[in-house]
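Residues per chain are reported as follows:
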Amino acid sequence: MVIFAHPDDAEIGSGGVIARWVAAGCEVSYVLCTNGSAGTGDRSLSPAELAVKRAAEQRAAADFMGVRHLEMLGYPDGGLEDTREFRGDIVRALRKHRPHTVFAHDPYRFKGFQHRDHRMVGIATTDAVYPFARDHLHFPEQITTEGLEPHRVRELWYWGADESDVIVDVTDSIDKQVAALIRHESQMPGFSIQPGQTIEQRVKDRAAEVAQGYRFRYGAVFRRLVARR
Ligand SMILES: [Zn+2]
């Protein structure tokens, strides 16, 4: 399961690994937390119009990636807070889809600027994974009235970490990641691309940089938490 703030964050943060795991037979779910209604420099577009466009783009990207389930929580872009309601929505998704591994933004990154929504998603996800989804007395109404059961996630992988401790070879899946990324057409001008550089080049340059010293060409890095048995 990939839990992310804005349409396109999943493909940016974990696209290479997701494409590889889908090809290996994994069932993948996406949980998109905001509607992305603030993600434009185009002043002619209203937030509502943008949200509709971005939902369609995310659906197209998820379908292309072979993602089986897409949940859209629909919070306003820039409006995420660490509330019981938001945490409960993530707990519900975890109990419903029951992932072994969850991918999310690293909320504890401090070496650079990070979007507030990314931090909020990282924190709410971390808490939802442990202990809220696991313990039946948290959000008990999901169990007594919604028919869900507690769920124990085994691993939490953060992208965007200051210091990563896992690298995945994405040499064979990076083209799929890039192709999914460009399904987010409304975001194309915003992906801080240098003049003359393409999104593909930018993604591949970064992936090649982290793979230096390894026996593969492109890598994706994460910080991994593993639940104790
Ligand atoms: Zn984002």
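Model, not experiment: these values are computed from the prediction.

### What to know about the overall build of the protein chain
Now for step 1: Helix and strand content of the protein chain: seven helices and seven strands.
Now for step 2: The linear arrangement of helices and strands in the protein chain, starting from the amino end, is β-α-β-α-β-α-β-α-α-β-β-α-α-β.
Now for step 3: In terms of C-alpha radius of gyration, the protein chain reaches 17 Å, essentially the compact-globule figure of 17 Å for 229 residues.
Now for step 4: By the burial criterion, 46% of the 229 residues in the protein chain qualify as buried.

### Things to note about helix H4 (residues 116-132)
Now for step 1: Taking 1.5 Å as the rise per residue, H4 with 17 residues should run 24 Å; its terminal C-alpha atoms sit 22 Å apart, in good agreement.
Now for step 2: Within H4, the full set of buried residues consists of Asp117, His118, Met120, Val121, Gly122, Ala124, Thr125, Thr126, Ala128, Val129 and Phe132.
Now for step 3: Along its buried surface, H4 packs onto strand E1 (2-4), helix H1 (9-23), strand E2 (29-34), helix H3 (84-97), strand E4 (101-105) and strand E5 (155-159).

### Comments concerning the sheet that holds strand E3 (residues 69-75)
Now for step 1: The strand order across the open sheet built from seven strands is E3-E2-E1-E4-E5-E7-E6, with neighbouring strands paired in mixed fashion. Whereas interior strands pair on both sides, the edge strands pair on one side only; in this sheet they are E3 and strand E6 (166-169). Neighbour-to-neighbour, the strand axes of the sheet open up by a mean angle of 25°, direction not taken into account.
Now for step 2: As defined by bridge partners, E1 adjoins E2 across three bridges and the pair is classed as parallel. Paired with Phe4 across the bridge in E2 is Leu32.

### Looking at the coordination of the zinc ion
Now for step 1: Within the protein, the atoms that donate to the zinc ion are His6 (ND1), Asp9 (OD), Asp9 (OD) and His118 (NE2), at distances of 2.0 to 2.4 Å.
Now for step 2: Metal-centred angles of 56 to 135° between the four donor atoms at the zinc ion mark the site as irregular.
Now for step 3: Of note, the zinc ion draws all its donor residues from one chain, in the sequence arrangement H-x2-D-x108-H. Separated by 112 residues along the polypeptide, His6 in the loop between E1 and H1 and His118 in helix H4 bring together distant segments of the chain.
Now for step 4: Residue classification places His118 among the buried positions, given a relative accessible area of 17%.

### What about the nonpolar core?
Now for step 1: Judged by nonpolar contacts, the single largest core of 28 residues is most densely connected at Val2, Tyr30, Phe103 and Phe222.
Now for step 2: When sequence neighbours within four positions are dropped, the list of residues in contact with Phe103 reads Met1, Val2, Ile3, Ser14, Val17, Ile18, Trp21, Trp157, Trp159 and Phe222.
Now for step 3: If you look at the next biggest cluster of nonpolar residues, it comprises 24 residues, including Ile3, Val31, Leu94 and Phe132.

### Here's the deal with the packing of aromatic side chains
Now for step 1: Counted by the stated rule, this structure contains ten aromatic pairs.
Now for step 2: Taken together, a centroid distance of 6.1 Å and an interplanar angle of 55° make the contact between Phe132 and Phe139 tilted. The same class applies to Phe132 as to Phe139, namely buried.
Now for step 3: Centre to centre, the rings of Tyr214 and Phe216 are 5.5 Å apart; their planes meet at 25°, and the pair counts as stacked.
Now for step 4: Grouping aromatic residues by their ring pairs yields a cluster made of Trp21, Phe103, Trp157 and Phe222.
Now for step 5: Lying over the aromatic face of Phe132, Arg87 brings its terminal NZ or CZ to 4.5 Å of the ring centre.
Now for step 6: In this structure, Lys176 is placed above the aromatic ring of Phe64, and the distance from its NZ or CZ to the ring centre is 4.7 Å.

### A look at H1
Now for step 1: Compared with an ideal rise of 1.5 Å per residue, which puts 15 residues at 21 Å, H1 spans 20 Å between its outermost C-alpha atoms and is within 8% of the ideal.
Now for step 2: The sharpest bend along H1 measures roughly 80° and falls at Gly15.
Now for step 3: Of the residues making up H1, those classed as buried are Asp9, Ala10, Glu11, Gly13, Ser14, Gly15, Gly16, Val17, Ile18 and Ala19.
Now for step 4: With its phi angle positive at about 105°, Gly25 sits one or two positions after the end of H1.

What counts, and where the lines are drawn
- Residues numbered from 1 in each chain as written.
- Predicted model: local features only at pLDDT ≥ 70, side-chain atom pairs only at ≥ 80, totals over all residues.
- Heavy atoms only, no water.
- Helix = DSSP H or I, 4+ residues; strand = E, 2+ residues; numbered from the N terminus.
- Rg over C-alpha atoms; globule rule 2.2 N^0.38 Å.
- Buried < 20%, exposed > 50% of the residue type's maximum accessible area, 1.4 Å probe, protein only.
- Expected span 1.5 Å × (residues − 1).
- Contact = heavy atoms within 4.5 Å.
- Pairing = 2+ DSSP bridges.
- Axes fitted to C-alpha atoms, helices over the stretch in contact; angles between N-to-C directions.
- Donors = N, O, S within 2.8 Å, 3.2 Å for Na, K, Ca; no water.
- Tetrahedral: all angles 85-135°; square planar, octahedral: opposite > 155°, others 65-115°.
- Core = buried A, V, L, I, M, F, W, Y, C linked by side-chain atoms within 4.5 Å.
- Phe/Tyr/Trp six-rings, centres within 6.5 Å; stacked < 30°, edge-to-face > 60°.
- Lys NZ or Arg CZ within 6 Å of the ring centre and 35° of its normal.
- Bend = angle between axes of the 7 residues up to and from the residue.

Worth remembering: the numbers are spatial, not functional.
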